[in-house]
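Close look at the chain arrangement
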Amino acid sequence: MKRGQISLDFLFAVTLITITMLNLVYIADSERAHSETFDTIAKLKAFSIDVRDSVVKVYTAGDGFTVRKELPINLDAGDKVTVSLLAPDSVVVNATIGGKGYRVAQRSPVPIYENTSVTLTGADRDFSIVATYNETEGRLDVTLSP
């Protein structure tokens, strides 16, 4: 073997190692992005379950009862989370975080008669769930207020 042949083999081996390392970095970066998305979805799911349970608590406690809730996720500029109570029995959380859209829906075991929603941002992260007796309809309405 000549000296030029060894150098060419060495160059080929270095190229293969470099390509392999780049692929590993690419896979690791995409897995990190997937894990961050999964983390956000898990936090929104837990938040929607907490809101649903709070709606049940407020409905059960009756007229005039209020629960104050705070979003457990830190939001950056441009991020927003909209919490909605939709008749007849849905609690829906729509979020735009980091340019990605998310939607989580829960079924409420108590009736929801009035559609209400609040939009949460980085500066305004809390809202109230309020029970009010509706005398004209003879029912208890659970609503959201900022």
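The structure we're discussing is the one just above.
What this report covers is the structure whose coordinates are included nearby.

What counts, and at which threshold
Residues numbered from 1 in each chain as written. Predicted model: local features only at pLDDT ≥ 70, side-chain atom pairs only at ≥ 80, totals over all residues. Heavy atoms only, no water. Helix = DSSP H or I, 4+ residues; strand = E, 2+ residues; numbered from the N terminus. Rg over C-alpha atoms; globule rule 2.2 N^0.38 Å. Buried < 20%, exposed > 50% of the residue type's maximum accessible area, 1.4 Å probe, protein only. Contact = heavy atoms within 4.5 Å. Areas by Shrake-Rupley, 256 points an atom, 1.4 Å probe, with all protein chains shown as cover. Lys, Arg positive; Asp, Glu negative; His and termini not counted. Charge placed at Lys NZ, Arg CZ, Asp CG, Glu CD. 1 Å grid on protein atoms, 1.4 Å probe; cavity = no way out; pocket = protein on both sides within 12 Å on 5 of 7 lines; lining within 4 Å. Points joined across faces, edges and corners; volume = space filled by probe spheres on them. Nonpolar A, V, L, I, M, F, W, Y, C, P; charged D, E, K, R; others polar. Pairing = 2+ DSSP bridges. Axes fitted to C-alpha atoms, helices over the stretch in contact; angles between N-to-C directions. Patch = residues over 30% accessible without salt bridge, like charges linked within 9 Å, V, L, I, M, F, W, Y side chains within 5 Å. Salt bridge = Lys/Arg side-chain N within 4 Å of Asp/Glu carboxyl O.

As a further point, take the overall build of the protein chain. In terms of regular secondary structure, the protein chain is built from one helix and seven strands. Walking the protein chain from its N terminus toward its C terminus, one meets helices and strands in the order α-β-β-β-β-β-β-β. Taken against the 2.2 N^0.38 rule, which gives 15 Å for 146 residues, the C-alpha radius of gyration of the protein chain at 26 Å runs more than 25% over that of a compact globule. Along the three orthogonal principal directions, the C-alpha set of the protein chain runs to about 100 × 30 × 20 Å. Scored against the burial criterion, the 146 residues of the protein chain give a buried share of 32%. Sequence-distant contacts, at least 24 apart, represent 63% of the contacts inside the protein chain between residues at least 6 apart. Accessible area of the protein chain: about 9300 Å², with a carbon and sulfur share of 57%. Between the mean site of the 15 positive side-chain charges and the mean site of the 18 negative ones, the protein chain shows a separation of 9 Å.

When its volume is computed, the largest pocket comes out at roughly 160 Å³. A33, E36, T37, D39, T40, I97, G98, K100 and Y102 are the residues that line the largest pocket. Elements supplying a minimum of two residues to the lining of the largest pocket: α1 (3–61) and β4 (100–107). Sorting elements by how many residues they give to the lining of the largest pocket places α1 first, with five residues. For the lining of the largest pocket, the residue count by class is three nonpolar, three polar and three charged.

With that settled, the discussion passes to the sheet that holds strand β1 (residues 66–70). Reading across from one edge, β1-β6-β7 is the order of the three strands in this open sheet, with antiparallel pairing throughout. Each end of this open sheet is capped by a strand with a single partner; those strands are β1 and β7 (139–145). Averaged over all neighbouring strand pairs, the angle between strand axes comes to 20°, with direction disregarded.

This part covers the pairing of strand β6 (residues 126–134). Bridging between β1 and β6 involves five bridges; their strand directions are antiparallel. Note that in β6 the partner of E70 across the bridge is D126. Alignment of β6 against β7, held across seven bridges, turns out to be antiparallel. Each bridged residue has a counterpart across the sheet, and for I129 the counterpart in β7 is L144. Linkage of β6 to β7, two consecutive antiparallel strands, is achieved through a turn of four residues, within which G138 is found at a positive phi near 70°.

Turning our eyes to something else, we now look at a nonpolar patch on the surface. A surface patch of nonpolar side chains, amounting to about 310 Å² of accessible area, comprises I17, M21 and L24. With respect to the secondary-structure elements, M21 resides in helix α1.

All told, the structure shown has 10 salt bridges when counted by the stated rule. With its nearest N and O atoms 3.4 Å apart, the salt bridge here joins D39 to K43. Here K43 and D39 lie together in helix α1, a separation of four residues that amounts to about one turn. Accessibility expressed as a relative area gives 39% for K43, which makes it partly exposed. One salt bridge in this structure joins D141 and R139, with 2.9 Å as the shortest N-O distance. By relative accessible area, which is 6% here, D141 ends up buried. A relative accessible area of 24% places R139 in the partly exposed class.

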